[in-house]
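Each chain, letter by letter, is given below.
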Amino acid sequence: MRVAVFSAKAYDRTYLDAANKSAKHDLCYLEAPLSATTAVLACDAQAVCAFVNDTLDAPVLEKLAGEGVRLVALRCAGFNNVDLEAARDLGITVARVPAYSPHAVAEHTIALILAVNRKIHRAYNRVREGNFALDGLVGFDLHGKTVGIVGTGTIGAITAGILKGFGCRVIAHDVKPNPDCEAMGIAYVDRETLLAESDIISLHCPLTPQTHHMIDSAAISRMKKGVMIVNTSRGAVIDTRAVLHGLKSGKIGSLALDVYEEEGDLFFRDLSSTIIEDDVFARLLTFPNVLITGHQAFFTHEALTNIAETTIANIDAFAKTGKAEHEVSIERLA
Ligand code: NAD
């Protein structure tokens, strides 16, 4: 099957080519992100392979269908960037990689918590410049602190388990409690209680209309002074402008992000020689108590291997049977 792979980086080629060795699909790598302008590049392909910030709204899907595309194989878990209704109406199957390495994301969440708390990002620079002063580097013990996990699916549950190992009191909020977390002794509370009691709030829910800007100024006003907010889920779960105000007022003590609501114009490319035009993002970078990584929580050897193998398996199954292994559709979500 001919597959147009959008937003393809060198590492995507390495892992997809390895996974495709026996299936031998015709993978056509395109560096461009998928958008209304670039959809035409998919010509002759029956499948499109896309990533988190590729646009798969109705106009793009219509163009892809017009080019003969029948399958969208997402090489990620989230599918908030796909108009599933339009895909169904156009007869395009959408498949994803439901879980590639939840440990990768959970472990990166812990790395962010530890680093922003103990100011590792600042200490690293100081020591390189021969500045061994400790002023401004005070952190707090994680042991005994209350961590609120929003969304205890695959990643949230693993994160909760690791934090239990640190001796934290872990509380959680989810529309559907996870029996594994209950077995760990994690108490489910309503959203208001989680906001009010947590020293650290870690977000692990998907981006949906219900979770969009879940962390807004009203939510922040209910939090403890000095709260740490960590987001490795999807950027728009946080209202970034509200968080900026929270940081300026001192209500938010620290912020660690792997995702950002306008990341589509920034992440996954080298912009070090250009001017960042996003003033909200640029302002975030000025805070000493903010640590940002560019959507790299998933980025481990194990995760990239699983992503590539599952993506090829989805394409393979669709080519042979007309059905992908891990389909996502409006009907399945209902
Ligand atoms: P999952 O589907 O296993 O778990 C999500 C959980 O969120 C579920 O338990 C669900 O019931 C809960 N949830 C849904 N709506 C909610 C709401 N309104 N309030 C509270 N909880 C709600 O998903 P996962 O695999 O654990 O992934 C979690 C998030 O991490 C997703 O947003 C995904 O896009 C993101 N992610 C990020 C990266 C990265 O590299 N940063 C990588 C993979 C996944």
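All figures in this text were calculated on a predicted structure; none of them were measured in a lab.

A. Main features of the site of the ligand. Surrounding the ligand, one finds 22 residues, the nearest of these being Y100, T154, I155, D174 and D258. The contact in question runs from an oxygen atom of the ligand to an N or O atom on the side chain of T154, over 2.9 Å. Residues that form the shell around the ligand fall into these classes: nine nonpolar, ten polar and three charged.

B. Quick look at the packing of helix 4 (residues 102–118) against helix 6 (residues 154–165). Interaxial distance between helix 4 and helix 6 falls to 8 Å at its minimum, and their mutual angle equals 50°. With respect to helix 6, the axis of helix 4 lies oblique. Handedness of the crossing formed by helix 4 with helix 6: right-handed. Across the interface between the two elements, P102, H103, V105, A106, E107, T109, I110 and I113 from helix 4 touch T154, I155, I158, T159, I162 and L163 from helix 6. When the residues that make up the contact of helix 4 with helix 6 are grouped by side-chain class, the tally is nine nonpolar, four polar and one charged.

C. The arrangement of unusual backbone geometry in detail. Phi is positive for S7, which is not a glycine, with a value near 55°. Along the chain, S7 falls in the loop between strand 1 (2–5) and helix 1 (10–19). Positive phi outside glycine occurs at F268, with the angle close to 70°. Note on placement: F268 falls in the loop between strand 11 (252–257) and helix 11 (279–284).

Analysis parameters
- Residues numbered from 1 in each chain as written.
- Predicted model: local features only at pLDDT ≥ 70, side-chain atom pairs only at ≥ 80, totals over all residues.
- Heavy atoms only, no water.
- Near = heavy atom within 4 Å.
- Polar contact = N/O pair within 3.5 Å; in protein donor to acceptor, adjacent residues only side chain to side chain.
- Nonpolar A, V, L, I, M, F, W, Y, C, P; charged D, E, K, R; others polar.
- Axes fitted to C-alpha atoms, helices over the stretch in contact; angles between N-to-C directions.
- Helix = DSSP H or I, 4+ residues; strand = E, 2+ residues; numbered from the N terminus.
- Parallel < 35°, antiparallel > 145°, perpendicular 65-115°, else oblique.
- Left-handed = near helix turned anticlockwise from the far one by under 90°.
- Contact = heavy atoms within 4.5 Å.

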